[in-house]
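# Structural description and commentary
In case you want the letters, here they are:
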Amino acid sequence: MSQTFSEETHRNLLARIPQCTGRAIADWLRAVEEGPALVRFEEKVSWLRHEHNLAYGHAKAIVHEYDLRRAARKLL
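Residues numbered from 1 in each chain as written. Predicted model: local features only at pLDDT ≥ 70, side-chain atom pairs only at ≥ 80, totals over all residues. Heavy atoms only, no water.

### Section: the overall build of the protein chain
The condition is simple: Helix and strand definitions here come from DSSP, where helices need a minimum of 4 consecutive H or I residues and strands a minimum of 2 consecutive E residues; each element is numbered from the N-terminal end. All radius of gyration figures rest on C-alpha atoms, and the globule criterion is 2.2 Å times the number of residues raised to 0.38. Buried residues are those whose accessible area, probed at 1.4 Å on protein chains only, stays under 20% of the maximum for their type, while exposed residues exceed 50% and partly exposed ones sit between those limits.
On a plain count of helices and strands, the protein chain comes out with four helices and zero strands. The N-to-C order of helical and strand elements in the protein chain reads α-α-α-α. Relative to the compact-globule value of 11 Å for 76 residues, the protein chain shows a C-alpha radius of gyration of 12 Å, a close match. By principal-axis analysis of the C-alpha atoms, the protein chain measures approximately 30 × 30 × 25 Å. The proportion of buried residues among the 76 residues of the protein chain is 30%.

Structure below.
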């Protein structure tokens, strides 16, 4: 069962990711963009977790942010 994070929790996770992983959010978003053409949210999370050894919460926050930004680009 998937967890749902509040907006505040999402922002807090994003703020900690660079410190915990040594990579900027932009680098992680690029990794998702350039990674395998996975469709489902949980597939992307699983790929990040296994390919880059990320914690579930961090992987989920990265994919969620990626999807938010991708949706915002489509609206323009």
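### Quick word on helix 3 (residues 41–52)
Note that an α-helix has 3.6 residues per turn; residues three or four places apart therefore point the same way. We count it as follows: Here the expected length of a helix is defined as 1.5 Å per residue gap, with one fewer gap than residues. The arc refers to the directions leading from the helix axis to the C-beta atoms. The contact criterion used is simple: two residues touch if any of their non-hydrogen atoms lie within 4.5 Å.
Look at helix 3: 16 Å from first C-alpha to last across twelve residues, which is about the 16 Å you get at 1.5 Å a residue. Within helix 3 the residues assigned to the buried category are Lys 44, Val 45, Trp 47 and Leu 48. Along the axis of helix 3, the buried positions cluster into a sector of 160°, meaning they face one direction only. As for helix 3, its buried residues are in contact with helix 2 (25–34) and helix 4 (56–75).

### Section: the pattern of salt bridges
Short version of the rule: Salt bridge, as used here: a side-chain nitrogen of Lys or Arg that lies within 4 Å of a carboxyl oxygen of Asp or Glu.
Evaluation of the coordinates by the stated rule reveals seven salt bridges. Between Lys 44 and Asp 67 there is a salt bridge, and its shortest N-O distance comes to 3.4 Å. Of the two residues, Lys 44 is situated in helix 3 and Asp 67 in helix 4; the sequence distance between them amounts to 23 residues. Overall, Lys 44 belongs to the buried group, its relative accessible area being 9%.

### Some details on the packing of aromatic side chains
This is how the line gets drawn: The aromatic pairing rule takes the rings of Phe, Tyr and Trp, using the six-membered ring of Trp, and pairs them if the centres are within 6.5 Å, calling planes under 30 degrees apart stacked, those over 60 edge-to-face and the rest tilted. Over a ring means this: the NZ of a Lys or the CZ of an Arg is within 6 Å of the ring centre and within 35 degrees of the ring normal.
Within this structure, the stated rule accounts for zero aromatic pairs. Over the face of the ring belonging to Trp 28 we find Arg 23, whose NZ or CZ atom lies 4.1 Å from the ring centre.

### Digging into the nonpolar core
What counts here: Definition of nonpolar core: a set of buried residues of the types Ala, Val, Leu, Ile, Met, Phe, Trp, Tyr and Cys, connected through side-chain atoms within 4.5 Å.
One finds Ile 17, Trp 28, Leu 48, Leu 54 and Ile 62 to be the most contacted residues of the largest nonpolar core, which totals 17 residues. Of all the secondary structure elements, the ones that give two or more residues to this core are helix 1 (7–21), helix 2, helix 3 and helix 4. Not counting chain neighbours up to four residues away, the residues in contact with Leu 48 comprise Trp 28, Val 32, Asn 53, Leu 54, Ala 59, Ile 62 and Val 63.

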